[in-house]
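Each chain, letter by letter, is given below.
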Amino acid sequence: MSSSPTEPETASTLVDVTMPQMGVSVAEGTVVAWRFEIGDRIQADETICEISTDKIDTEVPSPVGGVLAEILVPVDTTVEVGTPLARIAVSGDVQPSGEPAPDAGPPASSDAAPPPSPEAVTPPTSVTPESGASGNGSPLAPARAASSRRYSPVVQRIAAEHNVDLEAVPGTGRGGRVRKQDVLGFIESGGAQAQEEPPMHIESPYRPDPAPAAQAGGQLSRMRRQIGEHMKRSLEVSATCTTWIEADMSRVETARKRLGVTALAFVARASIDALREFPALNSWMEGERYTQHSDVNLGIAVSLGDDGLIVPVIHKAHELSVEGLAARIRELARRARSRQLTPDEVRGGTFTITNPGQYGSIMATPIINQPQVAILDFEAVIKRAVVVTDDQGSDSIAIRPMTIFGLSWDHRALDGALSAQFLASVKRRLEDLTP
């Protein structure tokens, strides 16, 4: 008796899920949890895994709907940006074979459909990373000793910053695993003495780096190298010029003390208003493509101490008052230092302010944050003797809180006259402020 014909297999295409880029100096990330097991069906934009970087913890959405075919990077493994994390089979009902994700629970049911044959699956365009794979090709991590506790790089880093003994932190993750949230909750509950918050700035010259001997082999950290490469690339790409202007901050000092906020909030508001007056500075220059933005998405550089820096973005900053800007800056700085920023909070900036003056510096030449066309440097407010002119035109010497603003701008997109007009607008708005 002849057997019934075999049904043709439905061809599937494998789509890679990769480690996303989240900020200028973020070069790598760590997988902290998988939400699905191999063989599970997943919808487009559904969270497939959780990752953690030096600056941000976030969820990675699936780029397509389909079946999770492969997990290439196990939990607690750190890989570079762009590395494939998993593969999803689309355009078919087949479920690939394989073992479940690390720490994700038992394997899929034996009732699952058999794996697709090599002829039924179109290979992905990217190459599978070698790191993290076991000898038989499985990406699963080796079994852990029952008595050991392992921590992700981000958890270890936060614990080191706040002098936290991780053995004392209760873990709420699978199998008692200590998550970032557990460490932060332990610190907030008084379990450890948090260090003093570092001030905001954008580049290492504003703060002495550790002595070379403090770093293994005298080498720069990976993040420091990334920052250096980005700054060097900016100088190579942009025709950078810098213009300075001096401003009397007397009225700002009076107003900020009354409102209980920092001078940075007033500088941010004045800069936003000046950008609305001179929108050419609220732009991107990408190659020969010049794009002027209607929204002011304001980047505020925040120091992460030895971990480097990050520039959170206040989207639609033009809609906020001085008090609103102060609250938003404070919140973003706190979230940045707690590694709680989302990817959307570190991208899309159209103009950046850096504030190294808290170290006492009085003048600097900031490097443009690509692809923006300008960056404003806010220096220290210092009391000194200056010549002032009264309403009758008489001059006298008085003590005033003064500062210097430095604007680095891209000569490909702007000219010196426009840059000087922008600075004059910022100065005028601050000096004419109603306290």
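Residues numbered from 1 in each chain as written. Predicted model: local features only at pLDDT ≥ 70, side-chain atom pairs only at ≥ 80, totals over all residues. Heavy atoms only, no water.

Next up on the list: the packing of helix H5 (residues 263-277) against helix H7 (residues 416-431). Where H5 contacts H7, the axes come no closer than 9 Å and their chain directions differ by 135 degrees. Judged on the interaxial angle alone, H7 and H5 are oblique. The two elements H5 and H7 cross, and the hand of that crossing is right-handed. Across from Phe 266, Val 267, Ala 270, Ser 271, Asp 273, Ala 274, Leu 275 and Glu 277 in H5, the residues of H7 making contact are Phe 422, Ser 425, Val 426, Arg 428, Arg 429 and Leu 430. A per-class count over the contact of H5 with H7 returns 8 nonpolar, 2 polar and 4 charged. (Axes fitted to C-alpha atoms, helices over the stretch in contact; angles between N-to-C directions. Helix = DSSP H or I, 4+ residues; strand = E, 2+ residues; numbered from the N terminus. Parallel < 35°, antiparallel > 145°, perpendicular 65-115°, else oblique. Left-handed = near helix turned anticlockwise from the far one by under 90°. Contact = heavy atoms within 4.5 Å. Nonpolar A, V, L, I, M, F, W, Y, C, P; charged D, E, K, R; others polar.)

Glancing now at unusual backbone geometry. Most peptide bonds are trans, and most residues other than glycine sit at a negative phi. In this structure, the amide linkage connecting Gln 370 to the following residue, Pro 371, adopts the cis form with an omega of 5 degrees. Tracing the sequence through the fold places Pro 371 in the loop between strand S17 (351-354) and strand S18 (374-378). The phi dihedral of Asp 76 falls on the positive side, at around 75 degrees, and the residue is not glycine. Examined against the element boundaries, Asp 76 turns out to sit in the loop between strand S6 (66-71) and strand S7 (78-80).

Okay, the pattern of salt bridges next. In total, this model carries 18 salt bridges according to the counting rule given. Between Glu 246 and Arg 384 there is a salt bridge; the shortest N-O distance is 1.7 Å. One end of the pair, Glu 246, is in strand S10 (residues 240-248); the other, Arg 384, is in strand S19 (residues 382-389), with 138 residues separating them in the sequence. The partner of Arg 335 in a salt bridge is Glu 345, with the nearest N and O atoms 2.8 Å apart. Of this pair, Arg 335 sits in helix H6 (residues 322-337) while Glu 345 is found in the loop between H6 and S17, placing the two residues 10 residues apart along the sequence. (Salt bridge = Lys/Arg side-chain N within 4 Å of Asp/Glu carboxyl O.)

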